[in-house]
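The residues making up each chain are set out below.
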Amino acid sequence: MPKIIKNGQLIDDEARILILDESQAPEELTLAAGPVFVPFAVWQAHSGQLSGRADLGVWLDSHEDVAELVPDLGSIAAIAINFPKFTDGRAYSAAALLRTRYGFKGEIRAIGDVLRDQFFFMQRCGFDAIQPKVGKYSDAQLEEALASLKDFSAPYQAAVDQPEPLFRRAQRAA
Amino acid sequence: MYRYDPYDQKIVNERVAQFRDQTRRYLAGELTDEEFRPLRLQNGLYIQRHAPMLRVAVPYGLLSSTQVRKMAHIARTYDKGYAHITTRQNVQFNWPELKLVPEILAELATVEMHAIQTSGACIRNITSDPFAGVAGDELIDPRPWGEILRQWSTFHPEFAFLPRKFKIAINGAREDRAVIQCHDIGLELKRDAAGEIGFRVLVGGGMGRTPVIGAEISAFVPWQHIITYCEAILRVYNRYGRRDNLYKARIKILVKALGIDEFRRQVEEEWVFGKNGPNTLTEAEVARVAGHFTTPAYESLPADDAGYVSQRAANPAFAAWTRRNVLAHKVPGYAVVVVSLKDPSRAPGDVTDVQLDLVADWADTYSFGEIRATHEQNLVLADVKQSELFALWEKARAANLATPTFGLLTDIICCPGGDFCSLANAKSIPIANAIQARFDDLDYLYDIGDIELNISGCMNSCGHHHVGHIGVLGVDKNGEEWYQVSLGGSQGNHTSIGKVIGRSFAAAEMPDVVSKIINVYLAQRQDGERFIETVRRTGLDPFKLGVYGEAAVKERKQNA
């Protein structure tokens, strides 16, 4: 079974990321059973039936505005945000907004071009689940990559994981 | 100056360990070139024409003698015996071996230095006034604020993958010496009517392919809120800056597209959420950081040292150096010394290991152990007693570090260009050296007076050609190197972008072109007028005529 990182641990996870091809209209889709992340367009088209399903999440692409999900946040178990390229940093702001401004308490998962050298930043911005592409890392490599979550022990600035900056957390000698 | 506490040291040590592991995985084939690229860039490491280039951060341009000795050691041990001062006050090494870079970073960490965020699409090293703390026109010392923003921006998790690089500069004096109008964020320290410290904030300035003067987004942000205000700007930029086209990805393009009023509205809307939040600065934190930038133990001295006055009278060469390279200090009896890195036999901004060691010694002997790097690619000893200037000058002259041309035509700002940089379209160092060779007569240089000639080897504008009174830009025409000349650019309070005068030139023509421009100026100049003032008064026409000749100008006008 594929593995993901959840709350700093390696766990099995079989959720599919549903990707529509161009010929598929979100309205006409019938969803198979089983854990899945559906695109925002599918959620919009079917939110009536999908709402509250514990094994279902919604994924947003990096250009989609998290604010559009706000009315539905109470009925969504998990949100995934896609990194089309690992250098596309919009997902960091999206996750931070979901946590701090919109108070989302469910899972926020990083998907797409997700690399271990960015795990630390993801975690700081409020991602609690990290799902690299299938085949990107072996289980052993992913296990080793957990170390990247601890690259820095006392960061300077406030972020989701550490809501106070160092200058408020620590007594720093003059 | 700022000294690391255990927290600062730990962050830098952890960075060394992180990059050591990243380099190991890259060399083992576990990281692709594409994956490694932003990691190495955020550690200042470029892959260049001949070898990697490592850019070491010099926060707001301030160095201790210990740090400068470490630079000398690195130049000697890992490089070819020299380093280069950049136009953003950093230090570059042109020849390190990739696999040894983690070792270099480990050495740097022992002297509280690093290469964090000196490149890449992140918040870069923050620059400031090289005369901070000693200039007579200073209102508020910018260095504590530079350090506070350095710490905030270091590994900021939300802004590590911005659409493009992001540069912040801070100035705290009446005269802008930090080019704040040409930065993504330019900060001008000021006081409000009640005497409270805050910042005038400019946004969307920059050089590069599309030079833009920054627009005022806020007339006054109180000091407590400067971090949350910058975060609001960065968040709007991170979310909405263009990512589809590298050339349109800087914040200036977003600000232009939205208009400053709409951009300001979006930032203010965002700021509502961050303002007064945990990132609001505290008096205790500002006091803690400011406590590192203490006034040195100045002696009580007469305003004019008698010995210094007579040494100047007796020695014309010394007098010439003091006229150009020695600047007024706010404390009587002290002076600010520009240690010139514009010896015509070297690339502008280059400095050898031996010279670095000497400068460190002089800093210890004469200037409280501190050195500053300037964006004009010189070094500064900021606190020298007038009575010791002669001794310092004799040593500096013997080390080829007393070229008495600060602020003159041959004090050229120049990027490494095609000799080193893989982005360059053309070489820039040989052009600088050829112009320096043409204008080697000091009396003539003094007659020409204050002038700034800046050379960039490509549109990225590291050589600040857009704001040179004379700007030279290397361009590629069908695989050949050509040089475009602009006039009327300026840094400082009257920042302006130069205008191109016409067709570009071959390298061999450049000294003649500069001679012709200078001849027009000398013919046109009115009493006491500096070069830039003449250009502003006359416009470009007389210069075009002088450079291209009447026939060419006429033909061009007909074809226009």
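We now turn to the structure provided with this report. Owing to the predicted nature of the structure, the values given are computational and were not obtained by experimental measurement. (Residues numbered from 1 in each chain as written. Chains lettered and ligands numbered in written order. Predicted model: local features only at pLDDT ≥ 70, side-chain atom pairs only at ≥ 80, totals over all residues. Heavy atoms only, no water.)

**Observations concerning the overall build of chain B**
Each helix and strand counted, chain B has 19 helices and 21 strands in total. By the compact-globule yardstick of 24 Å for 560 residues, chain B fits well, its C-alpha radius of gyration being 23 Å. Considering only C-alpha atoms, chain B reaches an extent of 65 × 60 × 60 Å along its principal axes. Long-range contacts, defined here as pairs at least 24 residues apart, represent 67% of the contacts in chain B between residues at least 6 apart. For chain B, the separation between the mean place of its 64 positive charges and that of its 68 negative charges on side chains is 4 Å. (Helix = DSSP H or I, 4+ residues; strand = E, 2+ residues; numbered from the N terminus. Rg over C-alpha atoms; globule rule 2.2 N^0.38 Å. Contact = heavy atoms within 4.5 Å. Lys, Arg positive; Asp, Glu negative; His and termini not counted. Charge placed at Lys NZ, Arg CZ, Asp CG, Glu CD.)

**Points about unusual backbone geometry**
Residues and elements named next belong to chain B. In this structure, Asn276 is a non-glycine residue whose phi angle is positive, near 70°. For Asn276, the location among the structural elements is in the loop between helix 8 (260–274) and helix 9 (283–290). Its identity is not glycine, yet His464 carries a phi of approximately 55°, on the positive side. Structurally, His464 can be placed in the loop between strand 17 (453–456) and strand 18 (470–477).

**Things to note about the pairing of strand 14 (residues 370–373) of chain B**
All names here are of chain B. Alternating positions in strand 14 separate into two faces, Glu370 and Arg372 on one and Ile371 and Ala373 on the other, with burial throughout. In terms of strand pairing, strand 3 (residues 62–64) meets strand 14 through 3 bridges, oriented antiparallel. In the sheet register, Leu62 faces strand 14, and the bridge partner there is Arg372. In this sheet, strand 15 (residues 379–385) lies alongside strand 14 in antiparallel orientation, the contact comprising 2 bridges. (Buried < 20%, exposed > 50% of the residue type's maximum accessible area, 1.4 Å probe, protein only. Pairing = 2+ DSSP bridges.)

**As for helix 17 (residues 531–538) of chain B**
Residue and element names in this part refer to chain B. Inspection of helix 17 places Phe531, Ile532, Thr534 and Val535 among the buried residues, and these make up the whole buried set. The buried residues of helix 17 occupy an angular sector of 160° when projected down its axis, which confines them to one face. Here the buried face of helix 17 lies against strand 18, strand 19 (480–487), helix 16 (510–524) and helix 18 (541–548). One or two steps after helix 17, the chain reaches Gly539, where phi turns positive at roughly 75°. (Arc of directions from axis to C-beta.)

**Considerations on empty space enclosed by the protein**
All names here are of chain B. With the rule as written, the count across this model stands at 9 cavities of 30 Å³ or more. Roughly 150 Å³ of volume is contained in the largest cavity. Those elements that provide at least two residues to the lining of the largest cavity are strand 3 and helix 5 (143–153). Within the lining of the largest cavity, the residues separate by chemical class into 10 nonpolar, 2 polar and 3 charged. In this structure, the second largest cavity occupies an estimated 130 Å³ of space. (1 Å grid on protein atoms, 1.4 Å probe; cavity = no way out; pocket = protein on both sides within 12 Å on 5 of 7 lines; lining within 4 Å. Points joined across faces, edges and corners; volume = space filled by probe spheres on them. Nonpolar A, V, L, I, M, F, W, Y, C, P; charged D, E, K, R; others polar.)

**Examining the side chain of Arg235 of chain B**
Assignment of secondary structure puts Arg235 of chain B in helix 6 (residues 226–240). Overall, the relative accessible area of 11% leaves Arg235 of chain B in the buried class. Here the side chain of Arg235 of chain B touches Glu158 of chain B through a polar contact of 2.8 Å, side chain to side chain. For Arg235 of chain B, the residues in contact, after removing those within four places along its chain, are Ser93, Ala96, Leu97 and Arg101 of chain A together with Glu158, Phe159 and Glu270 of chain B. (Polar contact = N/O pair within 3.5 Å; in protein donor to acceptor, adjacent residues only side chain to side chain.)

**Topic: the interface of chain B and chain A**
At the interface, 46 residues of chain B touch 40 residues of chain A. Summing both partners gives a buried area of about 3,900 Å² for chain B against chain A, and 55% of it is carried by carbon and sulfur. Three residues, Pro157, Phe161 and Arg239 of chain B, lead the burial of chain B against chain A; their summed loss comes to 18% of the area buried on that side. Across the chain B-chain A interface, the total number found is 9 salt bridges. For the salt bridge of Arg172 of chain A with Asp5 of chain B, the shortest nitrogen-to-oxygen distance reads 2.7 Å. Linking chain B with chain A are 23 residue pairs in polar contact (both at pLDDT 80 or more), by the criterion used here. Broken down by element, the residue count for the side of chain B that touches chain A peaks at 11 residues, all from helix 1 (residues 6–27) of chain B. Classifying every residue of the side of chain B that touches chain A by side-chain character gives 16 nonpolar, 12 polar and 18 charged. (Buried area = accessible area lost by both parts, 1.4 Å probe. Salt bridge = Lys/Arg side-chain N within 4 Å of Asp/Glu carboxyl O.)

**Regarding the nonpolar core**
Formed by 105 residues in total, the largest nonpolar core has its most connected members in Trp145, Val201, Ile233, Phe263 and Leu381 of chain B. Ignoring any residue separated from it by four or fewer positions in sequence, one finds Trp145 of chain B in contact with Ile140, Ile170, Leu189, Ile197, Phe199, Trp223, Leu281 and Val286 of chain B. In terms of nonpolar packing, the next biggest core, distinct from the first, is built from 53 residues, Leu56, Phe83 and Phe104 of chain A together with Ile116 of chain B among them. (Core = buried A, V, L, I, M, F, W, Y, C linked by side-chain atoms within 4.5 Å.)

**Comments concerning the sheet that holds strand 13 (residues 350–352) of chain B**
All names here are of chain B. Across the sheet, which stays open at both edges, the 5 strands sit in the order 1-2-5-4-13 with antiparallel pairing between neighbours. Two strands in the sheet have a free side with no partner beyond their single neighbour: strand 1 (45–47) and strand 13. Looking at each pair of strands side by side, their axes are set apart by 30° on average, direction ignored. Running over the sheet, helix 12 (residues 353–366) touches strand 4 (82–85) and strand 13 and is turned about 80° from strand 13. (Axes fitted to C-alpha atoms, helices over the stretch in contact; angles between N-to-C directions.)

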